[in-house]
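Given next are the chains, with one letter for each unit.
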Amino acid sequence: MTRAVFFDVDGVLIHGFHARPDLTRRWDTNLLADMGVDPKRFVDEFIFDIFVKKVVTGEMSVIDALERRLPSLGYKGSPVAFHHYWLINDSELNQPLLDGIRQLKRKADIRLYIATNQEHLRASWLWSHLGLNELFDDMFYSARVGVRKPDPAFFDFAMSKIGPQSEPPLFFDDTPKVIDGARTAGWEAVLFNTIDDFTSHPWVAERL
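Rules used in this analysis
Residues numbered from 1 in each chain as written. Predicted model: local features only at pLDDT ≥ 70, side-chain atom pairs only at ≥ 80, totals over all residues. Heavy atoms only, no water. Pairing = 2+ DSSP bridges. Helix = DSSP H or I, 4+ residues; strand = E, 2+ residues; numbered from the N terminus. Axes fitted to C-alpha atoms, helices over the stretch in contact; angles between N-to-C directions. Contact = heavy atoms within 4.5 Å. 1 Å grid on protein atoms, 1.4 Å probe; cavity = no way out; pocket = protein on both sides within 12 Å on 5 of 7 lines; lining within 4 Å. Points joined across faces, edges and corners; volume = space filled by probe spheres on them. Polar contact = N/O pair within 3.5 Å; in protein donor to acceptor, adjacent residues only side chain to side chain.

A. Region of interest: the sheet that holds strand 5 (residues 138-141). Taken together, the five strands give an open sheet; going across it, the order is 5-4-1-6-7, and neighbouring strands pair in parallel fashion. Where the open sheet ends on each side, the last strands, each with one partner, are strand 5 and strand 7 (188-191). Sheet twist, expressed as the average angle between the axes of neighbouring strands with direction ignored, equals 25 degrees. By the bridge criterion, four bridges tie strand 4 (residues 110-116) to strand 5 in an arrangement that is parallel. Its bridge partner lying in strand 5, Ala-115 is registered against Phe-140. With respect to the sheet, helix 8 (residues 152-162) is in contact with strand 1 (3-7), strand 4, strand 5 and strand 6 (170-173), its orientation differing from that of strand 5 by roughly 160 degrees.

B. Local environment of the layout of surface pockets. Taken as a whole, the largest pocket encloses approximately 1,100 Å³ of empty space. In this structure, the largest pocket is lined by 36 residues; those nearest its centre are Asp-10, Phe-17, Ile-47, Phe-48 and Val-52. Elements with a contribution of two residues or more to the lining of the largest pocket: helix 2 (39-55) and helix 9 (176-184). Residue contributions to the lining of the largest pocket peak at nine residues, all from helix 2. Taken as a whole, the second largest pocket spans an internal volume of roughly 170 Å³. Forming the boundary of the second largest pocket are 13 residues, of which Gly-11, His-15, Leu-23, Arg-25 and Asn-193 lie nearest the centre.

C. Region of interest: the side chain of Lys-149. Residue placement: Lys-149 occurs in the loop between helix 7 (142-145) and helix 8. Here Asp-8 takes part through its side chain, which lies 2.9 Å from a polar atom of the side chain of Lys-149. At 2.7 Å, the side chain of Lys-149 forms a polar contact with the side chain of Asp-173. If we ignore the near neighbours within four places in the chain, the residues touching Lys-149 are Asp-8, Ala-115, Thr-116, Asn-117, Phe-154, Phe-171, Asp-173 and Val-178.

No statement about biological role is implied by the geometric values presented.
Shown next as structure tokens:
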């Protein structure tokens, strides 16, 4: 039997937002200079409002949401162009981690998956443009599922797709609440801060 190993995106596979602010790598440092949008207002008035509430659960497309909200933030251009800027600047892959995952992929008894709170367009970008499809068997993301981690329905959905497992899924995520939710669902969840949390895990270390 194979074991399923899951990885979060932001703060794990991608260097960007991290649940620990000191480990966050900001993508929006030049947002005001480049696009005329204050990054703090973008977070407060877009991310924490319409994006988290409706976009990442698939209720509204990110382009529609940007179309509605960007003019009030001072941006009069194309929401498609703005979204592309966002994708480009929020796509720094954690290459050392991906190298380790690539080693795991060589093992016949492992299946690799992504579990992330994500909207449809960025999920497609991550999968196709950034090449995560070359490493992972599937991506379970909130807009696809209809709920965000750590909602129990998210983990139920993933389990229904991967089928019966001889061992609990192993999951690396940077957010303590998500870790708690995964453990409640019966997964072995590991809080990810640095690559050492991956390479030093006993089950992983045996296979690297």
